[in-house]
Amino acid sequence: MDKNILSSHWLQGHNASERLERIHEHLLLSYPWVDRIACALYHESTGLLKTFINSTHRGQAIVGYGYPMSDSPVLSQLADTGQYRVIDDIKANILPENSHSRWLLEQDYNSSLTVPLYDEQRFLGFLFFDSYRVAAFDAKAQRDMVLYANLINMSLCAELRAVRTILASAKVARDFVDLRDFEIGAHLDCMAAYSGLIAGIVAPKYGLSDEQIEHITQFAPLHDIGKIGIPDTVLLKEGPLSTDERTLMVSDPQGAGGFGSGTPAGFDHNAQHSGLSS
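Read on for an overview of the structure. (Residues numbered from 1 in each chain as written. Predicted model: local features only at pLDDT ≥ 70, side-chain atom pairs only at ≥ 80, totals over all residues. Heavy atoms only, no water.)

**Here's the deal with the overall build of the protein**
And then number 1: Counting its secondary structure elements, the protein contains 11 helices and 6 strands.
And then number 2: By the burial criterion, 46% of the 278 residues in the protein qualify as buried.
And then number 3: Pairs at least 24 apart in sequence give 60% of the contacts found in the protein among residues at least 6 apart.
And then number 4: Taken as a whole, the protein presents about 14600 Å² of accessible surface, with 54% of it coming from carbon and sulfur. (Helix = DSSP H or I, 4+ residues; strand = E, 2+ residues; numbered from the N terminus. Buried < 20%, exposed > 50% of the residue type's maximum accessible area, 1.4 Å probe, protein only. Contact = heavy atoms within 4.5 Å. Areas by Shrake-Rupley, 256 points an atom, 1.4 Å probe, with all protein chains shown as cover.)

Here's what the structure looks like:
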């Protein structure tokens with residue numbers, strides 16, 4: 001299995017979801033019984049493991065789902081140890097104890113492989129491989145799936161690091177805004193807290209994917225960053241604004257100093273195709 005070929009497949013596609021589908025198509029040439037690959041990301045701030053991207057060739061994908069990691073001793077142990085888990089007979093080993101388990105049984109998948117993902121030493125999430133076959137993941141399949149998982153892991157880390165770099169730069173600007181006007185800084189924090197929740201609620205209506213919801217949540221704090229370019233005399237003015245002052249206020253995105261210029265291409269593509277950029 002050529003890592004360069006796999007890397008070229010990952011680079012095809014506008015976003016992580018499409019790139020995962022390309023990888024899955026390549027994997028199916030050697031393992032046509034791998035019916036689903038899915039990635040869930042861990043959110044340290046909430047303790048939730050949330051659906052992120054998937055490529056599902058058979059069955060109905062589970063989306064918009066979050067599960068407390070602390071409620072699963074098995075997954076918590078995998079995250080702590082770095083070991084992966086193989087289930088050869090799902091129906092014989094999984095009970096319908098939660099929404100994910102019930103969904104898994106309803107899809108009629110019979111075996112699975114779960115691989116933890118890391119960004120250096122930091123737990124990132126899990127990659128799940130599912131199959132309608134019983135005992136589909138023998139020793140050779142496990143080795144190959146882990147290779148695929150490592151490639152996806154490295155690629156996701158590169159994308160997420162780019163996002164964190166942008167957000168770290170934006171945090172400096174946000175801290176500056178906090179110093180100028182606490183209410184504006186608090187407003188940014190509220191936007192970050194509620195945007196993901198609202199995006200999840202309206203996702204069915206607007207066709208938002210889990211990947212798009214993740215991006216909305218991550219980048220929500222940037223929505224008002226342009227206010228760093230507004231003079232205090234205008235930003236903190238009591239009473240009505242003059243025509244020139246109002247023109248200055250509505251132009252605040254231009255004051256962001258290019259913070260959004262480094263956003264990953266997948267986010268820009270997602271925004272354009274979900275109507276979020278208008």
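Next comes the rest of the account.
**So, the environment of Glu 120**
And then number 1: Mapped onto the secondary structure, Glu 120 falls in the loop between strand E5 (111–119) and strand E6 (122–131).
And then number 2: For Glu 120, a relative accessible area of 64% puts it in the exposed group.
And then number 3: C-alpha separation for the pair Glu 120 and Cys 157, spaced 37 residues apart in sequence, amounts to 8.8 Å.

**What to know about a nonpolar patch on the surface**
And then number 1: Together, Tyr 194, Leu 197, Ile 198 and Ile 201 make up an exposed nonpolar region whose accessible area comes to about 460 Å².
And then number 2: Tracing the chain through its elements places Leu 197 in helix H7 (residues 182–206). (Patch = residues over 30% accessible without salt bridge, like charges linked within 9 Å, V, L, I, M, F, W, Y side chains within 5 Å. Salt bridge = Lys/Arg side-chain N within 4 Å of Asp/Glu carboxyl O.)

**Details of the pairing of E5**
And then number 1: In terms of residue burial, E5 counts as a mostly covered element, since 8 of its 9 residues are buried.
And then number 2: Relative to E5, strand E4 (residues 85–87) is paired through 3 bridges, and the arrangement is antiparallel. Each bridged residue has a counterpart across the sheet, and for Arg 85 the counterpart in E5 is Thr 114.
And then number 3: Bridge analysis of E5 against E6 gives 9 bridges, and the strand direction is antiparallel. The residue of E6 that forms the bridge with Tyr 118 is Phe 123.
And then number 4: Where E5 folds back onto E6 in an antiparallel hairpin, the turn is made up of 2 residues, including Glu 120, whose phi is positive at roughly 60°. (Pairing = 2+ DSSP bridges.)

**A short note on the state of the cysteines**
And then number 1: By the definition in use, this model includes 0 disulfides.
And then number 2: Not engaged in a disulfide, the cysteine Cys 39 finds its nearest cysteine sulfur in Cys 157; these two sulfurs lie 9.9 Å apart.
And then number 3: For Cys 39, a relative accessible area of 2% translates into the label buried.
And then number 4: Taking relative accessible area as the criterion, Cys 157 reaches 4% and is therefore assigned buried. (Disulfide = S-S within 2.5 Å.)

**Looking at the environment of Tyr 109**
And then number 1: In this fold, Tyr 109 is placed in the loop between helix H5 (99–106) and E5.
And then number 2: On the basis of relative accessibility, which here comes to 0%, the residue Tyr 109 falls in the buried class.
And then number 3: C-alpha separation for the pair Tyr 109 and Asp 35, spaced 74 residues apart in sequence, amounts to 8.5 Å.
And then number 4: Not counting chain neighbours up to four residues away, the residues in contact with Tyr 109 comprise Asp 35, Arg 36, Thr 56, Arg 58, Gly 59, Ile 90, Lys 91, Trp 103, Leu 104, Asp 130, Ser 131 and Tyr 132.
And then number 5: At 2.5 Å, the side chain of Tyr 109 forms a polar contact with the backbone oxygen of Arg 58. (Polar contact = N/O pair within 3.5 Å; in protein donor to acceptor, adjacent residues only side chain to side chain.)

**Quick notes on the pairing of E6**
And then number 1: Of all the 10 residues making up E6, 9 are buried; the element is thus mostly covered by neighbouring parts of the structure.
And then number 2: For strand E1 (residues 34–43) and E6, the ladder comprises 7 bridges, and the chain directions are antiparallel. Looking across to E6, one finds that Ala 40 is bridged to Phe 126.

**Re helix H8 (residues 210–219)**
And then number 1: Among the 10 residues of H8, 9 are classified as buried, and the element is accordingly described as predominantly covered.
And then number 2: Taken residue by residue, H8 has Asp 210, Glu 211, Gln 212, Ile 213, Glu 214, His 215, Ile 216, Gln 218 and Phe 219 as its buried positions.

**What to know about the packing of aromatic side chains**
And then number 1: Counting across every chain of the model gives 8 aromatic pairs.
And then number 2: Between Tyr 65 and Tyr 67, the ring centres sit 6.4 Å apart and the planes meet at 20°, which makes this aromatic pair stacked.
And then number 3: A residue is classified by how much of its surface remains accessible, and Tyr 65, at 17% relative accessible area, is buried.
And then number 4: Residue classification places Tyr 67 among the buried positions, given a relative accessible area of 17%.
And then number 5: With centroids separated by 5.1 Å and ring planes inclined at 65°, the aromatic side chains of Phe 123 and Phe 126 adopt a geometry described as edge-to-face.
And then number 6: You can call Phe 123 buried: its relative accessible area is 15%.
And then number 7: Among the aromatic residues, those joined into a cluster by ring pairs are Tyr 42, Tyr 118, Phe 123, Phe 126 and Phe 128.
And then number 8: Positioned above the aromatic ring of Trp 33 is the side chain of Arg 133, whose terminal nitrogen or guanidinium carbon lies 4.1 Å from the ring centre. (Phe/Tyr/Trp six-rings, centres within 6.5 Å; stacked < 30°, edge-to-face > 60°. Lys NZ or Arg CZ within 6 Å of the ring centre and 35° of its normal.)

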